Amino acid sequence: MRNATTTTTTLVVVIILAVCLANSSAFLGTGGASRASKIVTTTTTTSCRPRKISPSTERMLRLKLSSSSSSSSSLEDIKKKQPQQQPTMVYALILGSMASFVLDNVLKVQLFQSFYLNHFQWKWWQLITSTFCHANRSHLSGNTFLLLLFGRSVEDELGSPGLLVSYLFCGILANVVSLFLLPRHTVSLGASGAVYGLFAVSIVARGFQELFQDWRKVLEVTVLGQFVVSRISEEAKTAVAGGTTGGGINHVAHLAGAGAGVLLVVLLRTLIRVLERNETKRNK
C-alpha cells in the first residue's frame, strides 16, 4: 500500500514538474522571441541612424561634390574659350608670290625665268613654280588680292591642307590645259588659274544644308557667287570669241582653273561617300 502511495505521489510530482516546465518554456519562447526581436530592431535602428558630422567636414564634402560635378563643365568651357585656328596657308601662298616677284623683277635673279611655264620646252616643276611668278606689279596685286579674298574663304571651310591642295590642283590642271590648247611659243606665268579654281571651290564646297543654317553664309555666297559668275562668264565669252590670250591674259587657264575647282569638289565628295559606304558595310 505504501509502495502504491509512493508511486502515485511520484507520478503527481512528475506531472506537476512537466506542466511547470512546459509553461516556463512557452513563456521563455515568446518572451525570448520578443526580446530577440527587440534586440534586433534596436540594433538595426541604431545602425541606420545617421552619424552627426561636424561643420568643417560637411564643408569639405560639399566642396568635393561641387568640384567633381563642375569638372566636366569646366573642361567644356575651357575648350570653348580656346581660340580657333587662324588662317595661315593663304598668307604663306601670298608671301611666296611676293618673294618670287622681288627676286625675279626687282633683284633680277636669272634663275626665276626658268620657273615660267615655257610651252615649247616645259619641265614638270614649271607646272607648280609658274603659279608663283608674275609679270608686273599690277599682275601681282590683282592675283594676291583675289587670293586673299577667296583663299581665306576656302581655308575657313577646308583648313590649311585643303587650301594648299586646292591651290596646287587647280593651278597645275589649268597649266596642263594651257599646254594643250595654246600655241607652243606661249610662256605662261601667274596664279590666275589657281585663283579661279579657288573661286569655284569657295562656292561649290559649301553644302546647302549647312549653308542655309546661317544667314551670314547665305549673304557671303550671294556676294561672292555673283562676282565669280560674272568673271567666269566674261572669260567664257572671250574664249568663244577667239581671244584665248588677248592682252597677255591666259583666259584658257582661267576657265580651266574654275573647272578644276568644281572637279576637285566633286571628286572629294564622291570619295567621302565611297568611304562612308565601305564603313557602313564593315559595321554590318
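You'll find the structure just up there.
Note that this is a predicted model, so its numbers are computed, not measured.

Conventions used here
- Residue numbers restart at each chain and count upward from 1, following the sequence in its written direction.
- Two thresholds apply to this predicted model, a pLDDT of at least 70 for residue-level local features and 80 or more for giving and counting side-chain atom pairs, whereas whole-chain, interface and lining totals are computed over all residues.
- Derived side-chain values reflect all non-hydrogen atoms in the structure, with water molecules and hydrogen atoms excluded from consideration.
- Strands are runs of DSSP state E lasting at least 2 residues, helices are runs of H or I lasting at least 4, and numbering of each runs from the N terminus.
- Summary of the burial criterion: residues with accessible area below 20% of their type's maximum are buried, those above 50% are exposed, and those between are partly exposed, where the area comes from a 1.4 Å probe applied to protein chains only.
- For this analysis, residues touch if any pair of their heavy atoms sits within 4.5 Å.
- Shrake-Rupley sampling with a 1.4 Å probe provides the accessible areas, and residues are treated as covered by the protein chains on show and by no other component.
- Working rule for helices: expected span equals 1.5 Å times residues minus one.
- As used here, the arc is the angular range of directions from the helix axis to the C-beta atoms.
- Joining through side-chain atoms within 4.5 Å is the link that ties buried Ala, Val, Leu, Ile, Met, Phe, Trp, Tyr and Cys residues into a set, and such a set is a nonpolar core.
- Only the stretch in contact is used when fitting a helix axis, every axis being a line fitted to C-alpha atoms; angles between N-to-C directions are given from 0 to 180 degrees.
- What makes a crossing left-handed is the near helix being turned counterclockwise from the far one by less than a right angle; a clockwise turn instead makes it right-handed.
- Just so you know the grouping, Ala, Val, Leu, Ile, Met, Phe, Trp, Tyr, Cys and Pro go in nonpolar, Asp, Glu, Lys and Arg go in charged, and all remaining residues, Gly too, go in polar.
- The term polar contact refers here to a pair of N or O atoms within 3.5 Å; inside protein, the definition further demands a hydrogen-donor-capable atom paired with an acceptor-capable atom, and it admits residues adjacent in sequence only when both atoms are side-chain atoms.
- By definition, no residue in a patch forms a salt bridge, and every one has over 30% relative accessible area; like charges are joined within 9 Å, nonpolar side chains (Val, Leu, Ile, Met, Phe, Trp, Tyr) within 5 Å.
- Any carboxyl oxygen of Asp or Glu that lies within 4 Å of a side-chain nitrogen of Lys or Arg is treated as forming a salt bridge with it.

Asker: What am I meant to see in the overall build of the chain here?
Answerer: Along the backbone of the chain there are nine helices and two strands. Shown N-terminal to C-terminal, the secondary structure of the chain runs as helices and strands in the order α-α-α-β-α-α-β-α-α-α-α. Expressed as a percentage of its 284 residues, the buried residues of the chain come to 28%. Of the contacts made within the chain by residues no fewer than 6 positions apart, 76% connect residues no fewer than 24 positions apart. Accessible area of the chain: about 19,400 Å², with a carbon and sulfur share of 66%.

Asker: I tried to follow the side chain of Ser97 on my own but got confused; where do I start?
Answerer: Inspection of the secondary structure puts Ser97 in helix α3 (residues 89-106). Once residues within four sequence positions are removed from consideration, Ser97 is found in contact with Thr131, Phe132, His134, Leu140 and Thr144.

Asker: I tried to follow α3 on my own but got confused; where do I start?
Answerer: Note: α-helices contain 3.6 residues per turn, so residues at a spacing of three or four share the same orientation. In this model α3 runs 25 Å from its N-terminal to its C-terminal C-alpha over 18 residues, within 8% of the 26 Å that 1.5 Å per residue would give. Along α3, the residues classified as buried are Met89, Val90, Leu93, Ile94, Ser97, Ser100, Phe101 and Asp104. Down the axis of α3, the buried set is contained in an arc of 145 degrees. They therefore lie on one face. α3 presents Leu95 and Val106 as exposed residues on the side facing more than 90 degrees away from its buried surface. Next to the buried residues of α3 lie α5 (137-181). Just past α3, the residue Lys108 takes up positive phi, approximately 55 degrees.

Asker: Please clarify how the environment of Ser202 should be interpreted in this entry.
Answerer: Note that Ser202 resides in helix α6 (residues 192-204). Each C-alpha atom of the pair Ser202 and Val228 lies 9.8 Å from the other, and the pair is 26 residues apart in sequence. With residues near it in sequence (within four places) discarded, Ser202 still touches Phe150, Ser153 and Val154.

Asker: Just to check I follow, could you spell out the nonpolar core for this structure?
Answerer: Nonpolar side chains tend toward joint burial in soluble globular proteins. Core analysis: the biggest nonpolar cluster contains 21 residues, and Leu93, Leu147, Phe150, Leu163, Tyr167, Leu198 and Phe199 have the highest contact counts within it. Residue assignment for this core shows that the elements contributing at least two residues are α3, α5, α6 and α8 (215-240). Setting aside residues up to four positions removed in sequence, Tyr167 forms contacts with Leu93, Thr131, Phe132, Leu147, Ala191, Ala194 and Leu198.

Asker: Looking at this structure, how should I read the packing of α3 against α5?
Answerer: When two helices pack together, their arrangement is given by the angle between the helix axes and by the axis-to-axis distance. Contact pair α3 / α5: the axes reach a minimum separation of 7 Å and the direction vectors enclose 145 degrees. In the packing of α3 onto α5, the handedness of the crossing is right-handed. On α5, the residues that touch Met89, Val90, Tyr91, Leu93, Ile94, Ser97, Met98 and Phe101 of α3 are Arg137, Leu140, Thr144, Leu147, Leu148, Gly151, Arg152, Glu155, Ser160, Leu163, Leu164 and Tyr167. Its residues placed into classes, the contact of α3 with α5 shows 13 nonpolar, four polar and three charged.

Asker: I keep staring at helix α9 (residues 251-283) and nothing clicks. Help me out?
Answerer: Here α9 is 33 residues long and its end C-alpha atoms lie 49 Å apart, about the 48 Å a rise of 1.5 Å per residue gives. Of the residues making up α9, those classed as buried are His251, Val252, Ala253, His254, Ala256, Gly257, Ala258, Ala260, Gly261, Leu264 and Val265. Put simply, Asn250 is the residue that caps the front of α9, since its side-chain oxygen is 3.3 Å from the backbone nitrogen of Val252.

Asker: Sorry, what's going on with a nonpolar patch on the surface here?
Answerer: Nonpolar side chains collect at one region of the surface, where Val102, Leu103, Val106 and Leu107 lie side by side and expose about 330 Å² of accessible area between them. Position of Leu107 among the secondary structure elements: in the loop between α3 and β1 (117-118). By relative accessible area, Leu107 is classed as exposed at 53%.

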